[in-house]
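Remarks on the overall topology
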Amino acid sequence: MKTAIIGAGLAGLSCALTLEKHGQSADIFEQGKEIGLRYDIAELMTPILHAPINDSVKFFSETYDIHLKPASNVQKIYVHSENESAYVEGKIGFINMRGKYKDSYEKQLAQQLVHSKIHYDSHAVYENISKEYTHVIVATGDPQDTQQIQPYDIALPSAFAGAIVKGDFVRNEVHTWFNNDFAPKGMGYLIPHSKTEGTLVIVYPQYEDEWLEKRNEFWETMVKEASRTLNQELIIEHEFTISDYMVGKCHYPRIGNTFFVGNCLGAITPFLGFGQTGSILSGIYAALDICGQGDYEKLCKPLLKDYDQSLVLRRGIERLSNHQLDLITKSLHNQVVRKIITQPNLGVLKGLSHLLKPFTSK
Ligand SMILES: Cc1cc2nc3c(=O)[nH]c(=O)nc-3n(C[C@H](O)[C@H](O)[C@H](O)COP(=O)(O)OP(=O)(O)OC[C@H]3O[C@@H](n4cnc5c(N)ncnc54)[C@H](O)[C@@H]3O)c2cc1C
């Protein structure tokens, strides 16, 4: 058996690690010159989108012997709408670094590999790789690569603007902004890396050309709004933009011995565009199948169900006006509502669906 993995990101590396744990190895092709030349940002890994996993770090460690050290845990998540602010408290998840950072999750995964070789500076082409290997893992993080091979339904193309910001932050508190004036049908968020540094981002669907043209304007408003809400002047460093970031789902998790993992599968939740947990899981599942320990398509079913549920939620939130977003934010002051959202066994996706129902069922 000869396995090739195209892409040394979360899904590809988790797949290689799991193969190793079952006595196999893989050739990993990475187009970058080293691990982590992706986006240098903080991301949130929140199990709340993947019920019943309550602590993803513990889950990966105990169930799959894959060890991840987050930068911090999130205890409070603030929601700010045009005229309201509220927060939800609890075990909301973890903050982790991505990209060039010393402890980025891709670097942590790569360090755990023993036998698999990573071929850097290798932009792999599926047609060539599939001739040389018995098994191929498509893990490029780019759904357009899946689309070369099979149908892939795009739920939304997304645009980002963001930056590393300096300020005075509480490490385990994340802020989110839902305001159509500067993140139409999307959101802004601040994830602290430390007490003095954080990632500030706006992300929204690219449904209208005008929204893309106005990205700088939106971004400037986000920075002002974040400074106002946090009551401080944020210092902006390393600004970045991303366009055409596709969120979607493929039709076939595997075709023959080709496995689609991570974003190439659709292991992402369209509601907020979170894909870390699903990407790692799908990489693990593909390896388990190759090692005769499971059936990839069956294992992926819960992930794809999360995707579908989350897409319903996304379509719901896309219909909300700023006034309705205010009402929802206000409702978060209610203890019962908070409980519904953070109840571990219910899962936040279901909890939020309940919360949005009155607004979306009309
Ligand atoms: C700005 C931003 C913020 C995000 N925030 C969050 C968040 O807070 N929480 C969350 O859960 N998710 C978040 N996501 C989504 C999450 O990052 C992705 O779902 C996840 O990284 C996908 O993992 P992957 O393994 O599929 O791809 P990646 O981790 O992107 O890895 C793909 C790898 O493949 C390599 N590659 C690509 N093409 C080739 C090729 N042809 N040959 C060789 N190598 C190739 C790339 O260089 C890269 O190293 C965010 C995404 C973005 C863009």
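What you see is a predicted model; the values in this text were computed from it and never measured.

Scoring rules and cut-offs
Residue positions are counted from 1 within each chain, in the order its sequence is given. Reporting of local features is limited, given that this is a predicted model, to residues whose pLDDT is at least 70; pairs of side-chain atoms are given and counted only at 80 or more, and all residues count toward the totals for whole chains, interfaces and linings. Side-chain measures here rest on the full set of heavy atoms in the structure, leaving out hydrogens and waters. Only runs of H or I of at least four residues qualify as helices and only runs of E of at least two qualify as strands under DSSP, and these elements are numbered from the N terminus. In this description the radius of gyration comes from C-alpha coordinates, and the expected globular size is given by 2.2 Å times residues to the power 0.38. The contact criterion used throughout is that any non-hydrogen atoms of two residues lie within 4.5 Å. Using the Shrake-Rupley algorithm and a 1.4 Å probe, accessible areas are obtained, with residue cover drawn only from the displayed protein chains. Two rings from Phe, Tyr or Trp (for Trp, the six-membered ring) form a pair when their centres are within 6.5 Å of each other. A pair whose planes differ by under 30 degrees is stacked, one over 60 is edge-to-face, and the rest are tilted. Only when the NZ atom of a Lys or the CZ atom of an Arg is both within 6 Å of the ring centre and within 35 degrees of the ring normal do we say a charge sits over the ring. Only strands joined by at least two bridges in the DSSP assignment are considered to pair. Every angle, taken between N-to-C directions, lies between 0 and 180 degrees, and every axis is a line fitted to C-alpha atoms, over only the stretch in contact when it is a helix.

1. Observations regarding the overall build of the protein
Counting secondary structure elements, the protein contains 12 helices and 14 strands. Its C-alpha atoms give the protein a radius of gyration of 20 Å, within 12% of the compact-globule value 21 Å for 362 residues. With the C-alpha coordinates aligned to their principal axes, the bounding extent of the protein is approximately 60 × 40 × 40 Å. Counting only contacts in the protein whose residues sit at least 6 apart along the sequence, the fraction spanning at least 24 positions is 72%. Of the roughly 16,000 Å² of accessible surface on the protein, 49% is carried by carbon and sulfur atoms.

2. A few points about the packing of aromatic side chains
Across all of its chains, the model carries eight aromatic pairs by this definition. Judged by centre distance (6.3 Å) and plane angle (45°), the ring pair of Tyr207 and Trp211 falls under tilted. Sitting above the plane of the Tyr87 ring, Lys76 keeps its charged end 4.3 Å from the centroid. For the cation-ring pair, Lys100 lies above Tyr101, with the distance from its terminal atom to the ring centre recorded as 5.7 Å.

3. Structural notes on the sheet that holds strand β3 (residues 42–45)
Spatially, β3-β5-β4-β9-β10-β11-β8-β12 is the arrangement adopted by the eight strands of the open sheet, whose pairing is mixed. On the outer flanks of this sheet lie β3 and β12 (235–250), each paired with one strand and no other. Along the sheet, successive strands turn relative to each other by an average axial angle of 30°, direction set aside. Here strand β9 (residues 173–177) pairs with strand β10 (residues 187–192) via three bridges, running antiparallel. Residue pairing in the sheet places His175 in a bridge with Leu190 of β10. Its contacts with the sheet place helix α7 (residues 215–230) against β4 (72–80), β8 (152–166), β9, β10, β11 (197–205) and β12, and it is angled at close to 135° to β11.

Taken by themselves, the reported measurements are silent on function.
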